[in-house]
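Breakdown of the fold
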Amino acid sequence: MDTIASIASNVAVPVLKQLTYVLLYNTYVTNLENEVQKLQREEKEVRHTVEAAKRNGEQVEDTVRDWFTRVRAAIEEAQEFLHHEEQERVGCLDIYSKYTFSQKARNLVDHLSELRQETFDKVSYRCALKCNVSSASRGYEALESRTAMLNEIMQALKDSEVSMIGVYGMGGVGKTALVKELAWQAEKGGSFDVVVEATVTSEPDVRTIRAEIADGLGLKFDELTEMGKACRLRQRIRQEQSILVILDDVWGKLDLTEVGVPSGEDHKGCKLLVTSRDLNVLNAMLGAQKVFRLEVLSESESWNLFEKKGGEAAKDESIQRIAKKVAENCAGLPLLIVTVAEALKNKDFYAWKDALEQLTNFDLDGCSYSKMHSAVEQSYEYLESHELQTFFLLLGSLGNYYSIKDLLVYGWCLGLHKNVDSLADGRNRLYKLIDNLRAASLLLEGERYQVEALHIVRIVAAAIASRTKPFFTMQRNTELKEWPRMDFLKTCQHIFFDWCYINELPEKLECPTLKILQLCSQGNYLKLPENFFVEMRELKVLTLGGLNCTPSLPSSLGLLANLQALNLCKCMLEDIAVVGELKNLEILSLEKSELIEELPAEIGQLIHLRFLDLTDCSTLRVIPHNLISKLTSLEELLIENCNIQWEVQGYKKQGNDSSLSELGSLHKLTTLNIHINDASVFPRDLLALGKLHSYNISIGNGWNSIGVESGFFKVSRVFKLNPSMDPRILMDYGIKMLMNRAEDLHLAELKGVREVLYELNDDGFSQLKHLSIQNSDDMRSIIGPIEWAHRDHAFPNLESLILHNLSNLERICSGPLPAQAFTKLRVVKIKGCDQIEFVFPHSMVEQLSELLEIEICECKFMTKIVAEKIKEDDSETDKIQFLKMRSLTLECLPSLVSLSPEPSANNTTIQLLTEKVEFPNLENLKLCSINVHKIWDDKLSAQTSFQNLTTLTVDGCERLAYLFSYHVAARLVKLQHLLINSCKLVEHIFSQDGNTDNVRLARKSVPTEMGPIFPNLETIVISEMESLKSIWPSQHPQNSFSKLKKMEITYCSSILNVFQSHVLDKLLSLDSLDVWYCDALEFVYEIEGGINDVDVQLRALSLGHLPNLKHLMNKDPQECLRFENLSVVKVSTCKSLKHVFPLSMAKDLLQLGVLEISDCGVEEIIGNEHGGEEEQESPLGLVFPKLACIKLLNLPELRWFCNENHYFRFPLLNQLYLVECPAMETFSHGILRASILRRIYLNEKGDQSHWEGDLNTTIRKIFTKDV
């Protein structure tokens, strides 16, 4: 019974459950409808929360997004079920249908209920801020210089050893735009996981900086203290594996720890990019490991940016000329360019003129320029010291030209440099100030001796200076039409007339507060009035230039008791004794002035004199005895290019000549520049020479006439010695000191000296940078075989070695090479050394890692540059590499056949340049009069060492058969300039695999995969190639010669044409063509078969002395060649030429501006097409809209401009020369208009002319002999 009950129970319960679905069918459906409504309400409430979060810039959590997706799917499923159920209910549902529908409804209710009951901790989160602004909105323009800088910075950021990079430049140069673009690219390109930015400003607020960085990271601070927030930020940054932090516009020291930014070892994945106007801020205050200076834009980039921002107005031809001047005056500063261009967009001509006037005079009140004025003035205000600010304002008062010498004088005499006791120290301080202004981006980069600022910087500096220290400045080469008002001059502290045109001087200048007066006049040698200086008692610096101070200087000069510096430059002087009354004078310069023969003895009274300059006083002969020795305060003495008669040493005194031994009394002397013709007057064992810090001393004759770079290098100690008159001087202790301490040493006519090292100096010339030796027949080597104690320290700093006319020189180094010798050598020049066979021993090459330039000329027995490797040489490889070499010149070396050190059994097959000797960075190669059959291997590898070559000159190589195989030409991808001259055997410049016999065969065999030939070539010059028949390769891969701009062909007597058909569509940039003295030339363009339409870009065409030239083209191009850019055509002495232009070509000469034809056989300028028999069906209208000048000279067969009945119009023609054209009948037979022509010139000078009202009438009148 129990078993039956159990079975019944197990069966009944499931049945009842299934029956429940049928019984509760309506309930389940109703519940589903209610659950759908509840879930929809829940979804709506959650969506409201999400939308509120989005409005706050937050991102929706992925779980919420997934919930919305599941909710939408569930609701759609439930609604579809209810819709289907409602349709089915219309009929009669059977029990099974009710069962299935009810079960489905119950499941959906449970699913919707579960979705409704799901909860979220949060629906959204704050994400890190990202750069989402376009490049244009960020103010960035992708200019070439900016893109290059951007790439360099991005590359530096990849360096694991660099954690901080700096970018600096003056205000308005585009630093912010650049780093914002970099941030966008770094973020977009995935270079960093996170990029954050903060602007620091000149008044940094650490809390604001920290907040900006935190915003970029989506970080909110809960900490109460600033230290806690910094720690939290640092901790958050460390969580990022790769992060770039950009700090823009930093003006001073910034404590990164206080901000909360880790750097360096603190977090290797964190890189900092910092911008500033001041290099010193980046280097000294922040410790940037790599720094980039952002320069102003180039002229072309400036115009491109200006044109883009200026819109259509900048492209308007009537405005464009003045627009370019406006752009030029924006000084390459993007901020100013964009501001001005956008302000002038769509403005009329008068607005552009006014803008140019404002920019030229820099109207600081102009709203367009106030940003730049503020930027420069702010940079001035933040200069690190009052001394630097004062120096900047001094530059502002000087105008456009800055002389280091003048700046030193002004700074010294105005007391600008504190705690400076000598001129040498003052000069060092001056250099530091210049460096600091460059670092602050207020001066342009350049050599230390060249000081230059942008116009805008000078003007702002002048505006600031005028507020505190009034000044008056006249720029160089301008004319003073009227002197300033006297009331203004009374307030001036500085007056500068910088080599101006001054017509007259006032009797006196009332300038009671004046500190500096520069009065330099040119052209008329004004006379100084006697009382000119009476009202200038405060004057400290006086410069007079180009004035007539004869018979004596004004007596009022002696009243200048405060005068510290007097410069009389290029003046006419006689009696200058009054200078002796200037007891406080410290600086006296008589440079380039015309003096009487003797310096006045009164100069010896200037006991405070520190500086005396007698340079280029060519008439000065005598310095009184003991005058120099009295100037005991003298620190710097300059007596160059003077013919002073010095007392001869060892002889009894005669006359009043000064002795050079007086230099021994000048215990403060640190600088001496002097030229001494006679070595016998030089004092022996003068110990004072050892104390000199700087000197330029030349002893002996001939230094001005020998072509050596005597003044090329900027060094402190230069010594030139020609002891030919007294060879014993080499043994003098003072001379040895000068040689030992010299940085630039020139030696000539050395007698009995066989080697430089040891014989002339046994300390190794440790300070020497530049050595030049010439005309010394006894010289055998620079470093000889003698072993000595300091041998390993020989020439450790030598940068240039120049050897000229050493007829018996055999080796540079004839023994084992010292360890440190020549390791800094950059330039080697050897000329006229017949006995030397090679330049470097094989073992020496490894030490020449810095070598940049080699020039070898006129060495008769030179066979190689690097000697053959010897057995003792333990170097690992036979390959020789000059990794930094930029220039190689080989000239007149009859024995040189190859640069390879390995000997060759057959000189006719070996090439000059082999891959045994590599120059991977060579840019300039010059080969002149070298007896080689081939320059390089025809199968030059893809990784050639000549891939960076930009300039190639081949001259006088008479054994060459050709210059390039196709493989070689395809490898020289950077070649820009090619000059070929006097290679007598060359018939074809290009040859395939050395085969020059069949050019057409070569054309077929060129590999199709070969790269372009000379894609960057800009200039070709070919001259005196008497066998040359073909210039071009027979096949041109795409982009070959695509940048060629200029061609010159002269004295090539075998060439028949210049261009063939297959070349024409490749020369897309050819701008200028000159062809002269090519006797066989028949056509410039030889057209074969049909050609595609080609727009010839030629602008200038010059043809001369081509006796067989028949036509420009061998046949009518049928308008397939168009010369729409041709603007200048000059043809001379072409006797076979019957007309200049075919009619089809003349139709397109819309840019032609100048046409000159002389000494030719032309009968007409525009002629029939070649082979054209038919008459023109109807006249054509030919307009030459820009032709302004026509010169037709010495054309005995010329009858007319054109014989056809065409209509000609010359709207701009205003110069027509018809000289010696006796056959001329008329200009043209059709309608002729030359609306502004008013005369015909009858001679080349243009002083004879005639006019009869119109062109044709005038010509008929002239050539019917009525004129």
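Residues numbered from 1 in each chain as written. Predicted model: local features only at pLDDT ≥ 70, side-chain atom pairs only at ≥ 80, totals over all residues. Heavy atoms only, no water.

In the nomenclature of an unreviewed UniProt entry, the chain is known as Probable disease resistance protein At4g27220 isoform X2 of Arachis duranensis.

1. With respect to the overall build of the chain
A count of helical and extended segments in the chain gives 27 helices and 60 strands. The burial tally for the chain puts 52% of its 1267 residues in the buried class. When the accessible area of the chain is evaluated, it comes to approximately 57,700 Å², of which 46% is carbon and sulfur surface. (Helix = DSSP H or I, 4+ residues; strand = E, 2+ residues; numbered from the N terminus. Buried < 20%, exposed > 50% of the residue type's maximum accessible area, 1.4 Å probe, protein only. Areas by Shrake-Rupley, 256 points an atom, 1.4 Å probe, with all protein chains shown as cover.)

2. Description of unusual backbone geometry
Along the chain, T550 connects to P551 via a cis peptide bond; the corresponding omega equals -5 degrees. Counting through the fold element by element, P551 comes out in strand β14 (residues 547-552). Despite not being glycine, K592 shows a phi value in the positive range, around 60 degrees. Counting through the fold element by element, K592 comes out in the loop between β17 (587-589) and β18 (611-613). Here the phi dihedral of E858 falls at roughly 55 degrees; this positive angle occurs in a residue that is not glycine. Checked against the element boundaries, E858 lands in the loop between β29 (853-857) and β30 (880-881).

3. A look at the nonpolar core
By size, the foremost hydrophobic cluster in this structure holds 247 residues, and its most contacted members are F795, F964 and F1059. Each of domain 3 (677-703 + 713-785 + 792-868) and domain 4 (894-992 + 1011-1044) contributes no fewer than three residues to this core. Those residues in contact with F964 that lie beyond four places of it in its chain are W936, L952, A969, L972, L978, I989, F990, S991 and F1014. With 99 residues, the next largest nonpolar core counts V162, L388, L407 and A565 among its residues. (Core = buried A, V, L, I, M, F, W, Y, C linked by side-chain atoms within 4.5 Å. Domains from an automatic or database assignment. Contact = heavy atoms within 4.5 Å.)

4. Focus: the packing of helix α17 (residues 404-413) against helix α18 (residues 423-439)
Remark: α17 packs on α18, axes separated minimally by 10 Å, with the N-to-C direction vectors making an angle of 110 degrees. What the angle tells us is that α17 and α18 run roughly perpendicular. From α17, I404, L407, L408 and W412 reach across to α18, where they touch L423, G426, R427, L430, Y431 and I434. Considered class by class, the residues forming the contact of α17 with α18 number eight nonpolar, one polar and one charged. (Axes fitted to C-alpha atoms, helices over the stretch in contact; angles between N-to-C directions. Parallel < 35°, antiparallel > 145°, perpendicular 65-115°, else oblique. Nonpolar A, V, L, I, M, F, W, Y, C, P; charged D, E, K, R; others polar.)

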